[in-house]
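In case you want the letters, here they are:
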Amino acid sequence: MTTITSPPVTEPGPTHSRTEPDHEGRGIATLWSDSLVYAGRNIAHIRQIPEKLLDVTVQPLMFVLLFAYVFGGAIGVSGGSYREYVIAGILLQSLAFGMTGPATAIATDLTEGVIDRFRSLPATRAAYLLGHFLAELAGMALSIVVLLTAGLVVGWRTHTNIGHVSGALLLLVLFASAMIWVGTWIGLKVRSPDAVMGVGFVVIFPLTFLSSAFVPIDTLPTVLAHIAAWNPISVMVGAVRVLFGNPVAPTSVHSWPLLHPVPAAYLYCLVLLALAIPASLRQYRKRTSD
Amino acid sequence: MYETDVRHTNPSVQPPAGGVVARGLGKRYGEMWALKDLDLDVEPGTVLGLLGHNGAGKTTAIRILTTLSSPSEGSATVAGIDVAAQPGAVRRRIGVAAQQATVDGLMSARANLVMVGRLHHLPKARARQRADELLERLELADNADQLVKTFSGGMRRRLDLAASLVAVPQVLFLDEPTTGLDPRSRGDLWEILRDLVRDGTTIILTTQYLEEADKLADDIVVLDHGRTVAHGSPEDLKAQIGDDRIDVKVPSVSELDHAARAMERFASAAPTFDHESLIVSVPIVEGTSLMQVMRALDSSGVDALDLNRRQATLDDVFLTLTDPDAPTEEVPA
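Residues numbered from 1 in each chain as written. Chains lettered and ligands numbered in written order. Predicted model: local features only at pLDDT ≥ 70, side-chain atom pairs only at ≥ 80, totals over all residues.

(A) Local environment of the overall build of chain A. Along its length, chain A carries 12 helices and 0 strands. Going residue by residue from the N terminus, the α and β elements of chain A occur as α-α-α-α-α-α-α-α-α-α-α-α. Across its three principal directions, the C-alpha atoms of chain A cover 80 × 35 × 35 Å. Looking at chain A as a whole, 43% of its 290 residues are labelled buried. Excluding contacts between residues fewer than 6 apart, the proportion of contacts in chain A whose partners are at least 24 apart in sequence is 82%. (Helix = DSSP H or I, 4+ residues; strand = E, 2+ residues; numbered from the N terminus. Buried ≥ 20, exposed ≤ 12 C-beta atoms within 10 Å, placed from the backbone. Contact = placed C-beta atoms within 7 Å.)

Following this line, the structure appears as structure tokens:
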């Protein structure tokens, strides 16, 4: 740099005052603002690669059209229309697949040098994970809005009061949060981002298809019907249907969670969060210290 | 942290000052010591060069001093603060440019620097202003809004350096800052580092190039397999290994000694021998011309196949330090 005429690096002038907190970057306010900076990074990535948003927008939309117009005609549901039935299933599947988002993003960060930069900065450690969570949650919220709008277009309606509908939305957000933290944990656990998609397909596809997400449980062979009746996804989907007032398609297999889907679904989500968050924090500490 | 605020409010009153001290620093991975018994005393505002080949323990030392890794034994302070006890306080006072570029390829250069500023808890406007200053300073202003993944290696390095300067560090750590750079970019980077030192920044850098350590460092620590094999000023090191060298290739092993003796009067230090390639390397006294050496070889009847004058390299350091014929005097620490 032989032609440099700008002021020297360490002489930034009188405006270089800095409102640095007098602690080690802890405290809720600092955690929150640091997290927003990290979340802003994810948003910047989406601006560069808008295709990233396809996963949470166009893909579920295709599922709505596929099940409403292609498969839907062949599947009957007692006590209502299949289109009203399947929306909850597609919602749950999309949100479950949403866990691949944070998992891939975090696994990628860990293979690149940028994580060392973050670690050498005085920002709160946990803010990195919380930033990913906030950005992913925004994406999932968008996914929910897109899906419900598409549902309205193809004929899905709610038949309950505002309290129940809010309860359904809260449950969806809670489930999305749980899946993001599970994805975070997976992302911290795998050795390369390529492994994430494999894990996603192997776990999410059987889990969502062997449930009441797309077909009534009673249409399945006995063994599968029992699996589906105890599958947490069936419970989640059932709870959302009950809260929206959509057809539930009664089943002859009586499992306790399926008979009380709403409290059971909330319980499942809270348990998942209680397991995934500490596990992620622990794994993060493990992966970033030596 | 009162003293930090003073420094940042008016840096001309109190320039960044902070040395680095290490005592018996060691890091073990399984059975292998990546670093062992490292002692450092880096005065504020000076440059320490950690010189060594890949796997010598340079990066391990940097990672411990920058709080990215915890030592298995020993202790260290950076700017007077214990790295193990108060890593957060250390992080506020240091800048790190790792070997692997640690900038986000999917963001613009400016966005990267603003993000780092925000994570240093600078107010938003200040972070933007600082980013612009550094982009200007490191000649990246024209590429400020370009995606970093499109940057060349040299531009990435400069951005990485800019990121490590955002918070005006007291101590700057650079892990092989010029590896992979072309000579021009390397010279540019050296210039920037000299400016920083002039402004009072303490720098610890690692390098595989003896020339680089010589040009930049006030003090050099030579590492080999995690251990310190030499420690002193570039002058000390040169006194031991000599400066420029002349390599003479001869047709047979017996000729090696013969050639070395013929060149004795030009030698500034002991010669080193490569018995496989049949090359004798002689550190030569300044002012010696190639012609004088050729005449001397010719008059002694040495059948020189090839003659090459070059600067001393890291390999010469190791050859000399491990060569039994080399002078045994200790390099003062």
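(B) Broad picture of the sheet that holds strand β2 (residues 32-42) of chain B. All names here are of chain B. Taken in spatial order, the 4 strands of this open sheet run β2-β1-β4-β5, and their pairing is antiparallel. The sheet is open, and its two borders are formed by β2 and β5 (81-82), each paired with just one other strand. With 5 bridges joining them, strand β1 (residues 20-29) and strand β4 (residues 73-78) adopt antiparallel strand pairing. Of the residues in β4, the one forming a bridge with Val 20 is Val 78. The sheet strands contacting helix α2 (residues 58-65) are β1, β2 and β4, and the helix crosses β1 at an angle near 115 degrees. (Pairing = 2+ DSSP bridges. Axes fitted to C-alpha atoms, helices over the stretch in contact; angles between N-to-C directions.)

(C) Local environment of the pairing of strand β8 (residues 202-207) of chain B. Residues and elements named next belong to chain B. When you tally the buried positions in β8, you get 6 out of 6 residues, the bulk of the element. On β8, burial covers both faces: Thr 202, Ile 204 and Thr 206 on one face and Ile 203, Leu 205 and Thr 207 on the other are all buried. Examined bridge by bridge, strand β3 (residues 47-51) and β8 share 5 bridges and lie parallel to one another. Across the sheet, the residue bridging to Leu 48 is Ile 204, located in β8. Sheet topology places strand β7 (residues 171-175) next to β8; 5 bridges connect them, and they run parallel. Counterpart to Leu 174 in the pairing with β8 is Leu 205.

(D) Representation of the domain arrangement of chain B in the model. Residues and elements named next belong to chain B. Here the domain parsing of chain B yields domain 1 (2-232) and domain 2 (244-322). If you average the C-alpha positions of domain 1 and of domain 2, the two centres end up 38 Å apart. Each side of the interface is counted separately: domain 1 has 10 residues, and domain 2 has 7 residues. Elements with a minimum of two residues in the side of domain 1 that touches domain 2: α8 (210-216), β9 (219-224) and β10 (227-232). Residues belonging to the side of domain 1 that touches domain 2 are distributed by class as follows: 6 nonpolar, 2 polar and 2 charged. (Domains from an automatic or database assignment. Nonpolar A, V, L, I, M, F, W, Y, C, P; charged D, E, K, R; others polar.)

(E) α2 of chain B, seen in detail. All names here are of chain B. The element α2 is largely enclosed, with a buried count of 8 among its 8 residues. Among the residues making up α2, those that are buried are Lys 58, Thr 59, Thr 60, Ala 61, Ile 62, Arg 63, Ile 64 and Leu 65. Phi turns positive one or two residues past the end of α2, at Thr 67, with a value near 70 degrees.

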